[in-house]
Amino acid sequence: MTNFTQTQISDINKPKWIVVYTKSRWEKKVDKLLKTQNINSFCPTIKTKHRWVDRTKIVELPLFSSYLFVRADLKEQLKVRQTMGVVNFVHHCGKPASVNNSEIERIKKLIESYDDVEAVSLPRIKVGDTMKIEDGVLLDWQGEVLKIKGKSVVMFMKQLNCALVVNTETTTMSLV
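Per-chain numbering applies: the sequence of each chain, read as written, is numbered from 1 onward. Reporting of local features is limited, given that this is a predicted model, to residues whose pLDDT is at least 70; pairs of side-chain atoms are given and counted only at 80 or more, and all residues count toward the totals for whole chains, interfaces and linings. Think of the side-chain values as coming from all heavy atoms in the structure, minus any hydrogens and water.

*Asks:* Can you explain the pairing of strand β4 (residues 56-62)? Please cite residues and give values.
*Replies:* With seven bridges joining them, strand β3 (residues 45-51) and β4 adopt antiparallel strand pairing. Looking at β4, one finds that Ile46 is bridged to Leu61. One requirement defines pairing of two strands: DSSP has to find at least two bridges between them. A helix here means a DSSP run of H or I that spans at least four residues, while a strand means a run of E at least two residues long, and both kinds are numbered starting from the N terminus.

What follows is the structure, given as C-alpha cells:
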C-alpha cells in the first residue's frame, strides 16, 4: 500500500486545467453546461466571416475543434464527465492531460490580440520523411519532405525531378 504525504494529497485535490474532448460541434454547448454547474471552463473561440448564398455574417467558432479546457479538482472531474456532450478527458500517461495556467493565459491573450488565429492539425511529419499524396492531381505520387513552413510542405518529387510546395490545407498526405 502506498503512503501519500499531505503535500501529495493536496496536489491531487488541487484544481488544474484539463483538456476535455467533446462531441463534434458541442464545444460551446458543453462550455455553457459546465458554467451552469459552476465549473470553470474555457472554450477559446475566434470570430470569422461565414458566407451563405443570401448573406454574410460574423460567427464565433471554437479555436480547437472538439476540445475545451476545464479547471477542476477530482470531485468536479466526475461532474465534467457526466455532462452531456463530453466524450472524455484527453489522457497522457494514463492520467487526464493537464495544461499549465500560463498556457491558458497565453491562448487567451492570443485570441484577444489577433483576429486571424487558426489551429491547424498537421500530420506528424518531419524533414526527411517520405510522403504519399492521397488526393488531387498528384494522387499516389511520393516525395521526400525537404522543408516544412506553416501550412506548406516542400517535397522533392523524384518522378518529376523537381520540388513542389504542397499546401497541407487542401491536400491529404500520409507517411510511407
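*Asks:* Outline helix α2 (residues 27-36), listing residues and values.
*Replies:* Using a 1.4 Å probe on the protein chains alone, a residue whose accessible area is under 20% of its type maximum counts as buried, one over 50% counts as exposed, and one in between counts as partly exposed. Among the residues of α2, Glu27, Val30, Asp31 and Leu34 are the ones counted as buried. Taken around the axis of α2, the buried residues stretch over an arc of 105°, which confines them to a single face. Facing away from the buried side of α2, by more than 90 degrees, are the exposed residues Lys32 and Thr36. Between two residues, a contact is recorded if the distance between any of their heavy atoms is within 4.5 Å. Packed against the buried residues of α2 are β1 (16-22), β2 (40-42), β4, β5 (67-72), α3 (74-82) and β6 (86-89). After α2 finishes, the residue Asn38 shows a positive phi value of roughly 60°. Directions are taken from the helix axis to each C-beta atom, and the arc is the one they span.

*Asks:* Break down unusual backbone geometry for me, with residues and values.
*Replies:* Its identity is not glycine, yet Asn38 carries a phi of approximately 60°, on the positive side. Relative to the elements of secondary structure, Asn38 occurs in the loop between α2 and β2. With relative accessibility at 67%, the residue Asn38 sits in the exposed group.

*Asks:* I'd like a description of the nonpolar core, backed by residues and values.
*Replies:* What makes a nonpolar core is a set of buried Ala, Val, Leu, Ile, Met, Phe, Trp, Tyr and Cys residues whose side-chain atoms join them at distances within 4.5 Å. Ile18, Val20, Val30, Leu34, Ile39, Cys43, Leu68, Val70, Ala72, Val80, Val86 and Phe89 form the largest nonpolar core, which has twelve residues in total. Among the elements that take part in this core, β5 stands out by supplying three residues, more than any other. Beyond its immediate stretch of four places on either side in the chain, Leu34 contacts Ile39, Ser41, Leu68, Val70, Val80 and Thr83. Counting ten residues, the second largest nonpolar core, distinct from the first, contains Val19, Phe42, Leu63 and Ile107.

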